There are 2 protein chains.
Amino acid sequence: MARWGPDADNRLYQSAMQLIFERGYDQVTVAEIAEHAGLKKRSFFRYFADKREVLFAGAADFEHEVVEALKKAPDTAKPIDAVMAALTHAGTILTNYGDAARQRQRVVTSSMELRERELIKMESLTVALAGVLRDRGAEDLSATLVAQVGAAAFTTAFREWTDAPGTAQDFAWFMTQTRDRLRDELG
Amino acid sequence: MARWGPDADNRLYQSAMQLIFERGYDQVTVAEIAEHAGLKKRSFFRYFADKREVLFAGAADFEHEVVEALKKAPDTAKPIDAVMAALTHAGTILTNYGDAARQRQRVVTSSMELRERELIKMESLTVALAGVLRDRGAEDLSATLVAQVGAAAFTTAFREWTDAPGTAQDFAWFMTQTRDRLRDELG
């Protein structure tokens, strides 16, 4: 296996996942993750700003997917429905990784530092979604609330999906369940 | 002024606020905060686990207030209304500090590290609220969603309040606005 290559970031991600899963987040160093991936510690920082970021390598792509999907939503769609559809689209790509996505979520949930980073990634996504909603004509308060509620619904649906490894239902089903429950509880 | 006293945690909080407000979060050390408060660096860690925690000295009290208020909600109250009422109660105590509360929020918003810590405090609150809702008979999915939506509504209402320093409206007004908007957008 080449010590360098276009897949170095992926090797670092896989190494981090494996070592953290085995030992716990606090017991793994950047040097160990890099070594396990066949790289020098210094090289790690070419790819990731800190130890946490390696677990969030896909976060920017995920946000991009959601934002682009929301931009393409029909003008007539109610803001919450447009947001839920965009999150369903990107969540489907994510959950197509199956148990690999579940294992990553368990790693993230195992560490407060990782959960904090996950929360701020979701906040970044929420701000981006609210921006698109405003561009589509929503008022400030509505845009912020709808984006936040959409993010909360996604987090919940994704957690339900993570906790159901053998499920025959796809991610869209979990999002629909969540949307229906929101309507019941908040209408 | 006594070098030691029951108000040491408050002096550390005030010192942290002042120094971070003047220089920025990353430019202030624990040693400087402690010195400004008339304490040794080591003493800081008697009160707070890390540099971030000093800005969240009131978070546990806030969570306690919300949880206790929710426990006392009438059995007949719809979950979302019970949660909103509990958050309005605790938020009113918080916003009674007026511009001091606004300045603290600006300090927290100025730093990614502090925003991350704030988000995980809100997550802790959300988990606690969902627990109370389950104790009151709500299903798992409903309890989680309602707690998350309530937290999102509170965050939004508090931000609106923070951004309106001269407002004649009390915090309850901001919460009501947010509740009405949620109903319009999600019903």
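Please read these numbers as outputs of a predicted model, since none were measured by experiment. (Residues numbered from 1 in each chain as written. Chains lettered and ligands numbered in written order. Predicted model: local features only at pLDDT ≥ 70, side-chain atom pairs only at ≥ 80, totals over all residues. Heavy atoms only, no water.)

Quick notes on the interface of chain A and chain B
The extent of an interface is frequently quoted as the accessible surface area lost upon association of the parts.
Then, number 1: In this assembly, 35 residues from chain A lie in contact with 35 residues from chain B.
Then, number 2: Both sides of the chain A and chain B interface together cover about 3,400 Å² of buried area, and 59% of this is carbon and sulfur.
Then, number 3: Looking only at chain A, the three residues that lose the most surface to chain B are Leu141, Glu185 and Leu186 of chain A, adding up to 20% of its buried area.
Then, number 4: One salt bridge in this structure joins Glu116 of chain B and Arg52 of chain A, with 3.2 Å as the shortest N-O distance. (Contact = heavy atoms within 4.5 Å. Buried area = accessible area lost by both parts, 1.4 Å probe. Salt bridge = Lys/Arg side-chain N within 4 Å of Asp/Glu carboxyl O.)

Quick word on the pattern of salt bridges
Residue and element names in this part refer to chain B.
Then, number 1: A full pass over the atoms with the stated rule returns 32 salt bridges over all chains.
Then, number 2: Among the salt bridges present, the one from Asp99 reaches Arg102, with a minimum N-O distance of 3.0 Å. Here Asp99 and its partner Arg102 are both found in helix α6 (residues 99-109), three residues apart, which amounts to about one turn of the helix.
Then, number 3: Relative accessible area serves as the criterion here: at 49%, Asp99 is assigned to the partly exposed category. (Helix = DSSP H or I, 4+ residues; strand = E, 2+ residues; numbered from the N terminus. Buried < 20%, exposed > 50% of the residue type's maximum accessible area, 1.4 Å probe, protein only.)

Thoughts on the relation of the copies chain A and chain B
Then, number 1: When chain A is brought onto chain B, the operation consists of a screw motion whose angular component is 180 degrees and whose axial shift is 0.0 Å, with 0.0 Å RMSD remaining. The transformation just described matches what one would write down for a two-fold rotation axis. Among all residues of chain A, the one whose C-alpha sits closest to the rotation axis is Gly187 of chain A, at a distance of 2.0 Å.
Then, number 2: When the interface residues of chain A are mapped onto chain B, 100% of them again lie at the interface, so the same face is used by both copies. (Least-squares fit on C-alpha atoms with pLDDT ≥ 70 in both.)

Description of the packing of helix α6 (residues 99-109) of chain A against helix α7 (residues 112-135) of chain A
All names here are of chain A.
Then, number 1: Following both chains from N to C, one finds α6 and α7 inclined at 110 degrees, their axes separated by 6 Å at the closest point. By the angle between their directions, the pair α6 and α7 is classed as roughly perpendicular. Facing Gln105, Val107, Val108 and Thr109 of α6, the residues of α7 in contact are Leu114, Arg115 and Glu118.
Then, number 2: Considered class by class, the residues forming the contact of α6 with α7 number three nonpolar, two polar and two charged. (Axes fitted to C-alpha atoms, helices over the stretch in contact; angles between N-to-C directions. Parallel < 35°, antiparallel > 145°, perpendicular 65-115°, else oblique. Nonpolar A, V, L, I, M, F, W, Y, C, P; charged D, E, K, R; others polar.)

As for helix α1 (residues 8-23) of chain B
All names here are of chain B.
Then, number 1: A rise of 1.5 Å per residue sets the reference length of α1, with its 16 residues, at 22 Å; its end C-alpha atoms lie 22 Å apart and thus fit the reference within 8%.
Then, number 2: Ala8, Arg11, Leu12, Tyr13, Ser15, Ala16, Met17, Leu19 and Ile20 are the residues of α1 that are buried.
Then, number 3: Residues of α1 that are buried make contact with α2 (30-36), α3 (41-47) and α6.
Then, number 4: Downstream of α1 by a residue or two, Gly24 has a phi angle that is positive, lying close to 100 degrees. (Expected span 1.5 Å × (residues − 1).)

As for the nonpolar core
Then, number 1: In terms of nonpolar packing, the biggest core is built from 72 residues, with Val66, Leu70 and Phe154 of chain A together with Val66, Leu70, Leu129 and Phe154 of chain B touching the most fellow members.
Then, number 2: Non-local contacts of Val66 of chain B, meaning those with residues more than four positions away in its chain, are made with Ala86, Leu87, Ala90, Leu125 and Leu129 of chain B. (Core = buried A, V, L, I, M, F, W, Y, C linked by side-chain atoms within 4.5 Å.)

Quick word on helix α9 (residues 171-186) of chain B
Then, number 1: With 16 residues, α9 of chain B should reach 22 Å at 1.5 Å per residue; the first-to-last C-alpha distance of 23 Å fits that figure.
Then, number 2: Residues of α9 of chain B that are buried include every one of Phe171, Phe174, Met175, Thr178, Arg179, Arg181, Leu182, Glu185 and Leu186 of chain B, and no others. Angularly, the buried residues of α9 of chain B cover 165 degrees about the axis, an arc narrow enough to put them on a single face.
Then, number 3: As for α9 of chain B, its buried residues are in contact with α5 (79-95), α8 (140-162) and α9 (171-186) of chain A together with α5 (79-95) and α8 (140-162) of chain B. (Arc of directions from axis to C-beta.)

Some thoughts on the packing of α1 of chain B against α6 of chain B
Residues and elements named next belong to chain B.
Then, number 1: Contact pair α1 / α6: the axes reach a minimum separation of 10 Å and the direction vectors enclose 60 degrees. Here α1 lies oblique to α6, going by the angle between them. Note on packing geometry: the crossing formed by α1 with α6 is left-handed. Taken together, the residues of α6 that come into contact with α1 (itself represented by Tyr13, Met17, Ile20 and Phe21) are Ala100, Gln103, Arg104 and Val107.
Then, number 2: A per-class count over the contact of α1 with α6 returns six nonpolar, one polar and one charged. (Left-handed = near helix turned anticlockwise from the far one by under 90°.)

Here we look at the environment of Ala85 of chain B
Residues and elements named next belong to chain B.
Then, number 1: On the secondary structure map, Ala85 appears in helix α5.
Then, number 2: By relative accessible area, which is 46% here, Ala85 ends up partly exposed.
Then, number 3: When the C-alpha positions of Ala85 and Ile20 are compared, they lie 33 Å apart, and in sequence the two are 65 residues distant.

Here we look at the packing of aromatic side chains
For any pair of aromatic rings, geometry is given as the distance between the ring centres together with the angle between the planes.
Then, number 1: For the structure shown, the criterion picks out 18 aromatic pairs over all chains.
Then, number 2: Relative to Phe158 of chain A, the ring of Phe154 of chain A lies with its centre 5.8 Å away and its plane at 15 degrees, an arrangement referred to as stacked. Of this pair, Phe154 of chain A and Phe158 of chain A both sit in helix α8, four residues apart, which is roughly one turn of the helix.
Then, number 3: Here Phe154 of chain A falls in the buried class, since its relative accessible area comes to 5%.
Then, number 4: When its relative accessible area of 8% is taken as the criterion, Phe158 of chain A is described as buried.
Then, number 5: Summarising the aromatic geometry, the rings of Phe62 of chain B and Phe154 of chain B are spaced 5.3 Å apart at their centres and angled 40 degrees between planes, so their arrangement reads as tilted. Taken together, the residues Phe62 of chain B in helix α4 (residues 59-71) and Phe154 of chain B in helix α8 connect sequence positions 92 residues apart.
Then, number 6: Put simply, the rings of Phe62, Phe154, Phe158, Trp161 and Phe171 of chain A touch in pairs and so form one group of aromatic residues.
Then, number 7: Stacked on the ring of Trp161 of chain A, the Lys or Arg Arg102 of chain A has its end atom at 3.7 Å from the ring centre.
Then, number 8: When the ring centre of Phe56 of chain A is taken as reference, the NZ or CZ atom of Arg104 of chain A above it lies at 5.1 Å. (Phe/Tyr/Trp six-rings, centres within 6.5 Å; stacked < 30°, edge-to-face > 60°. Lys NZ or Arg CZ within 6 Å of the ring centre and 35° of its normal.)

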